[in-house]
Amino acid sequence: MPGFELFGELERKHVNDVLDNGVLMRYGFDGMRNRHWKAKELEAALTKRFQVQHAHLVSSGTAALTVSLAAAGIGAGDEVIMPTFTFVASFESILMLGAVPILVDIDDTLTLDPKAVEAAITPKTKAVMPVHMCGSMADLHALKTICDSHKLLLIEDACQAIGGSYQGKPLGSYGDIGCFSFDFVKTITCGEGGGIITNNSAYAKHADHYSDHGHDHVGNDRGAESHPFIGYNFRISELNAAVGLAQVHRLDDFISIQKKNYTIVRQALSTVHGLTFRRVPEGGVENYSFSSFFLPNEQTTRKAQRKLSEAGIDGCFYWYDNNWHYYRKWKHLSEQHVLGRLPSETSERLQYLQRADFSASDHWMGRTISCLIKLSWTEEEVRKRAGAMAKILRSAI
Ligand SMILES: *Cc1c(COP(=O)(O)O)cnc(C)c1O
């Protein structure tokens with residue numbers, strides 16, 4: 001992460017194509033646009049790169065999650081299982097549809113613990129939404145087995161792991177639907193944007209219509225199109241798509257730079273006694289956007305984090321205390337701080353959060369540090385940084 005570090009000529013070219021004819025919208029204006037269809041081209045590129053039949057762009061990763069759930073028919077009262085360690089977008093997208101987020105423990109993969117998922121299933125459960133945090137994936141085989149036997153949807157949040165793979169399949173393409181974010185700090189960016197990938201043509205069609213007010217996109221007169229169901233506006237603009245079109249062609253270069261830098265950091269940290277790395281499920285290949293590791297206990301981890309920060313090693317996160325990524329600080333969710341009113345069914349069901357015990361997640365997150373792997377480092381900078389990190393962590397342990 002993040003793709004903005006290597007913004008360049010190709011991004012500028014695609015944006016200028018759009019500015020030259022001034023059609024900033026992805027639909028219509030066929031005569032004016034001089035054959036530039038950046039969103040369509042980016043969708044085609046995503047389909048190819050991620051080996052799926054359908055890709056649909058939307059305005060953000062959060063919108064991708066919302067539209068995916070909506071496309072699969074998730075609605076009022078349905079329960080969606082999600083991890084305690086993720087970005088707030090996970091529960092926001094579920095609540096947006098009147099569904100209920102059911103938080104479940106993570107394990108040493110830093111993603112959903114399949115056993116905890118199974119234990120959380122109720123007659124109202126409709127979907128499981130693993131989040132491939134910090135560049136590595138959930139145990140998708142185990143989750144798929146559970147989903148198949150309970151007839152649940154598997155919706156992958158691959159926003160932080162684009163370019164990684166599992167059992168030879170690109171992350172996002174293993175489950176029923178996969179979601180990407182192209183926000184400004186992700187591995188490839190559109191400025192703001194999101195992507196949905198699937199092999200299910202009904203979901204693809206629903207996503208296409210739902211994200212554009214229900215437009216069926218038949219014919220070439222927008223005003224005359226019909227609306228088979230109620231939708232919303234989650235459209236991406238051509239300007240954003242133009243940036244993403246340049247970036248998607250650079251994804252594999254970005255991943256190989258990340259891998260090189262990650263490997264140097266990993267080798268240095270491997271020499272630190274008492275430090276262990278987050279588990280990558282068998283058959284998984286990370287996208288190398290973070291190096292995440294465990295220290296022996298919470299106290300040592302806090303001390304190590306403080307020392308790293310004092311030494312000017314930036315981009316190392318102690319998620320356990322983070323307001324946006326870990327359930328401990330989500331009082332606005334557990335106490336239901338909303339501007340309007342939640343549906344009463346959702347509000348009542350959410351009471352479980354008052355008594356929930358996520359000590360199994362705390363066990364891992366309390367001693368996890370994740371360090372961002374940048375694209376713009378020179379090899380000398382990575383080596384120096386890796387050496388300094390190892391020294392600091394050794395002294396902290
Ligand atoms: C960034 C992110 C999102 C949301 O994406 P936006 O484009 O910022 O809305 C969702 N899930 C995860 C795991 C993310 O990292």
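Residues numbered from 1 in each chain as written. Predicted model: local features only at pLDDT ≥ 70, side-chain atom pairs only at ≥ 80, totals over all residues. Heavy atoms only, no water.

1. Digging into the overall build of the protein chain
Part 1: The helix and strand inventory of the protein chain stands at 15 helices and 14 strands.
Part 2: Against the globule reference of 21 Å for 397 residues, the protein chain gives a C-alpha radius of gyration of 21 Å, in line with a compact fold.
Part 3: Dimensions of the protein chain along its principal axes, counting C-alpha atoms only, are 70 × 50 × 40 Å.
Part 4: Counting over 397 residues, the protein chain shows a buried share of 59%.
Part 5: Carbon together with sulfur atoms contributes 52% to the accessible area of the protein chain, which is approximately 16800 Å² in total.
Part 6: Within the protein chain, the 45 negative side-chain charges are centred at a point lying 5 Å from the centre of the 42 positive side-chain charges. (Helix = DSSP H or I, 4+ residues; strand = E, 2+ residues; numbered from the N terminus. Rg over C-alpha atoms; globule rule 2.2 N^0.38 Å. Buried < 20%, exposed > 50% of the residue type's maximum accessible area, 1.4 Å probe, protein only. Areas by Shrake-Rupley, 256 points an atom, 1.4 Å probe, with all protein chains shown as cover. Lys, Arg positive; Asp, Glu negative; His and termini not counted. Charge placed at Lys NZ, Arg CZ, Asp CG, Glu CD.)

2. Focus: the sheet that holds strand β3 (residues 100-104)
Part 1: Spatially, β1-β9-β8-β5-β4-β2-β3 is the arrangement adopted by the 7 strands of the open sheet, whose pairing is mixed. Each end of this open sheet is capped by a strand with a single partner; those strands are β1 (54-58) and β3. Here the strands of the sheet are splayed against their neighbours by 25° on average, with no regard to which way each runs.
Part 2: Where strand β5 (residues 153-157) meets strand β8 (residues 177-181), 3 bridges bridge the pair, whose relative direction is parallel. Among the inter-strand pairings, Ile 155 is bridged to a residue of β8, identified as Ile 177.
Part 3: Relative to β1, helix α7 (residues 201-210) is tilted by about 20°, and along the sheet it contacts β1, β5, β8 and β9 (194-198). (Pairing = 2+ DSSP bridges. Axes fitted to C-alpha atoms, helices over the stretch in contact; angles between N-to-C directions. Contact = heavy atoms within 4.5 Å.)

3. Observations concerning the domain arrangement of the protein chain
Many authors give the size of an interface as the accessible area that is lost as the parts come together.
Part 1: For the protein chain, the domain assignment lists domain 1 (3-251) and domain 2 (252-396).
Part 2: For domain 1 versus domain 2, the separation of C-alpha centres amounts to 24 Å.
Part 3: A buried area of about 4100 Å², summed over both sides, lies between domain 1 and domain 2, and 60% of it is on carbon and sulfur atoms.
Part 4: Here domain 1 and domain 2 share 5 salt bridges between them.
Part 5: Note that Glu 79 and Arg 349 form a salt bridge whose closest N and O atoms lie 2.7 Å from each other.
Part 6: Connecting domain 1 to domain 2 are 26 residue pairs in polar contact (both at pLDDT 80 or more).
Part 7: The set of elements that each furnish at least two residues to the side of domain 1 that touches domain 2 consists of β2 (79-83), α4 (89-96), β3 and β6 (165-166).
Part 8: For the side of domain 1 that touches domain 2, the element with the highest residue contribution is β3, accounting for 5 residues.
Part 9: Taken together, the residues of the side of domain 1 that touches domain 2 break down into 26 nonpolar, 18 polar and 9 charged. (Domains from an automatic or database assignment. Buried area = accessible area lost by both parts, 1.4 Å probe. Salt bridge = Lys/Arg side-chain N within 4 Å of Asp/Glu carboxyl O. Polar contact = N/O pair within 3.5 Å; in protein donor to acceptor, adjacent residues only side chain to side chain. Nonpolar A, V, L, I, M, F, W, Y, C, P; charged D, E, K, R; others polar.)

4. Comments concerning a nonpolar patch on the surface
Part 1: A surface patch of nonpolar side chains, amounting to about 260 Å² of accessible area, comprises Phe 4, Phe 184 and Val 185.
Part 2: Mapped onto the secondary structure, Val 185 falls in the loop between β8 and β9.
Part 3: Val 185 sits in the partly exposed class, given a relative accessible area of 44%. (Patch = residues over 30% accessible without salt bridge, like charges linked within 9 Å, V, L, I, M, F, W, Y side chains within 5 Å.)

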